[in-house]
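# Tertiary structure, described
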Amino acid sequence: MEKIKNKRILSGIQPTGNLHLGNYLGAIKNWVNLNNDSECLFCIVDLHAITTWPKFDDLNIASREVLAGMIASGVCPKKNTIFIQSHIPEHAELAWIINCVSRIGWLNRMTQFKDKAGKNQEKVSSGLMVYPNLMAADILLYKATHVPTGEDQKQHLELTRDIAHKFNTDVGSEIFPLPEPVIQGPATRVMSLRNGTQKMSKSDISDMTRINLIDCNDTISEKIKKAKTDSGDFPVDKMELEERPEIKNLINIYASISGKNIEQVVENFSSTGFARFKAELTEILINEISPIREVIRELMTESQELDKILDDGSKKASLIAKPVIKEVFDAIGFNKRRDL
Ligand code: AMP
Ligand code: TRP
């Protein structure tokens, strides 16, 4: 990922089930070296997770799983601030203010809400509707300048910029920077292994659609063997991929892990075909994921250590959040809070 100098980077991830290849390639792997030049905060967004309540498992365990997955993928808990959203009450406070800034018309355009609510729009929680406002609060509370995510969050990040701009204009002060989305690499949108038009997701009922970071080698091998392709031969030209979403997805995954570009991958396998390609894809996936899986397993036995990292992260995050919410309260004209 392109180096970002002297900026404040923030991203978030929901504690809803095990991390998968989309989370890893689209987000977490890109977070690993960002802290060389910038301050980074990573937020485990448990308040977001309850928007689809009551479908969650134990949130403490799920939050530790996400933390373990991040550390195992190379995100250093000493160099980065990793914390739980609900530990910092200012997220909910700022989200309420943003509910009063953001417009219903803006939220109505959010495609993720339409995807998640489906035909059931009248019955889903109102939290799901204002989910992007809470996400904007996560970002603006730390005056983040850059937000690295997968493709699916692009629209929410554009909304965050609109919200920041409107708030600044309404109060007549440039309180919030307009955060830049950072959506980079060949795997910003990893698709389901069974349907190349749907994104790989924790919420898909079929486990065969995704590779989880805790999958054992045999499972990875089985999932790639059964991954959908089509009846055509291996492509000979990159242009063909636009019409062949399942193949495009597998090639993107290969390219992202191997560091090769799409043209090189197409050229490498156009003469050998799918069997050879799938065998090599399985091999590089296993080489990438098995060490991560082993570290996750080990870390999950050290729950006190993990909780301590999250507590330390919350203390650091709170030091940034408190003065920002004070600035926001003052700009709106709320009475000064005595604890600040
Ligand atoms: P979530 O699991 O929805 O909280 O997503 C956490 C991060 O992973 C966000 O930056 C998402 O954009 C990213 N992400 C989730 N699913 C995918 C996917 N299928 N492909 C690429 N990135 C993804
Ligand atoms: N909405 C994001 C997702 O579903 C998660 C998220 C919440 C987030 N708050 C954020 C991402 C702040 C980036 C910045 O993937």
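Parameters at a glance
Residues numbered from 1 in each chain as written. Chains lettered and ligands numbered in written order. Predicted model: local features only at pLDDT ≥ 70, side-chain atom pairs only at ≥ 80, totals over all residues. Heavy atoms only, no water. Phe/Tyr/Trp six-rings, centres within 6.5 Å; stacked < 30°, edge-to-face > 60°. Helix = DSSP H or I, 4+ residues; strand = E, 2+ residues; numbered from the N terminus. Buried < 20%, exposed > 50% of the residue type's maximum accessible area, 1.4 Å probe, protein only. Near = heavy atom within 4 Å. Polar contact = N/O pair within 3.5 Å; in protein donor to acceptor, adjacent residues only side chain to side chain. Areas by Shrake-Rupley, 256 points an atom, 1.4 Å probe, with all protein chains shown as cover. Domains from an automatic or database assignment. Contact = heavy atoms within 4.5 Å. Buried area = accessible area lost by both parts, 1.4 Å probe. Salt bridge = Lys/Arg side-chain N within 4 Å of Asp/Glu carboxyl O.

### Overview of the packing of aromatic side chains
Enumeration over the complete set of coordinates arrives at ten aromatic pairs. A ring pair is formed by Trp31 and Phe42, whose centres lie 4.5 Å apart and whose planes are at 10 degrees; its orientation type is stacked. Separated by eleven residues along the polypeptide, Trp31 in helix α1 (residues 21–31) and Phe42 in strand β2 (residues 39–44) bring together distant segments of the chain. When sorted by exposure, Trp31 lands in the same class as Phe42, which is buried. Here the aromatic rings of Phe329 and Phe334 are separated by 5.1 Å at their centres, their planes lie at 80 degrees, and the arrangement is edge-to-face. Classification of Phe329 by relative accessible area gives buried; the value is 12%. Relative accessible area serves as the criterion here: at 42%, Phe334 is assigned to the partly exposed category.

### Things to note about the environment of Glu302
Inspection of the secondary structure assignment puts Glu302 in the loop between α13 (274–299) and α14 (303–332). With 234 residues separating them in the primary sequence, Glu302 and Ala68 have C-alpha atoms 9.7 Å apart.

### Observations regarding the site of ligand 1
Taken together, the neighbourhood of ligand 1 is formed by 19 residues, with Gln14, Gly150, Asp152, Val190 and Lys202 sitting nearest. Note that an oxygen atom of ligand 1 is positioned 2.9 Å from one of the backbone N or O atoms of Gly150. Here Val190 contributes a backbone N or O atom positioned 2.8 Å from a nitrogen atom of ligand 1. Alone, ligand 1 offers 480 Å² of accessible surface; in the complex the protein occludes 93% of this. Of all the secondary-structure elements, those providing two or more residues to the shell around ligand 1 are β1 (8–13) and α1.

### Thoughts on the environment of Asp237
By the element assignment, Asp237 lies in the loop between α10 (217–226) and α11 (245–258). Look at Asp237 and you get partly exposed, because its relative accessible area is 37%. In sequence terms Asp237 and Asn217 are 20 residues apart; their C-alpha atoms lie 31 Å from each other. At 2.8 Å, the side chain of Asp237 and the backbone nitrogen of Met239 are in polar contact.

### Considering the domain arrangement of the chain
Here the domain parsing of the chain yields domain 1 (8–188 + 302–332) and domain 2 (207–298). Placing a centre on the C-alpha atoms of domain 1 and another on those of domain 2 gives a separation of 29 Å. Taken together, the contact between domain 1 and domain 2 spans 14 residues of the former and 17 residues of the latter. Of the roughly 1,300 Å² buried between domain 1 and domain 2 on both sides combined, carbon and sulfur atoms contribute 68%. When residues of domain 1 are sorted by the area they lose upon contact with domain 2, Leu21, Ala72 and Pro186 head the list and together hold 37% of the total. Across the domain 1-domain 2 interface, the total number found is one salt bridge. Measuring nitrogen to oxygen at the nearest pair gives 3.2 Å for the salt bridge that ties Lys29 to Glu288. Where domain 1 packs against domain 2, one counts four residue pairs in polar contact (both at pLDDT 80 or more).

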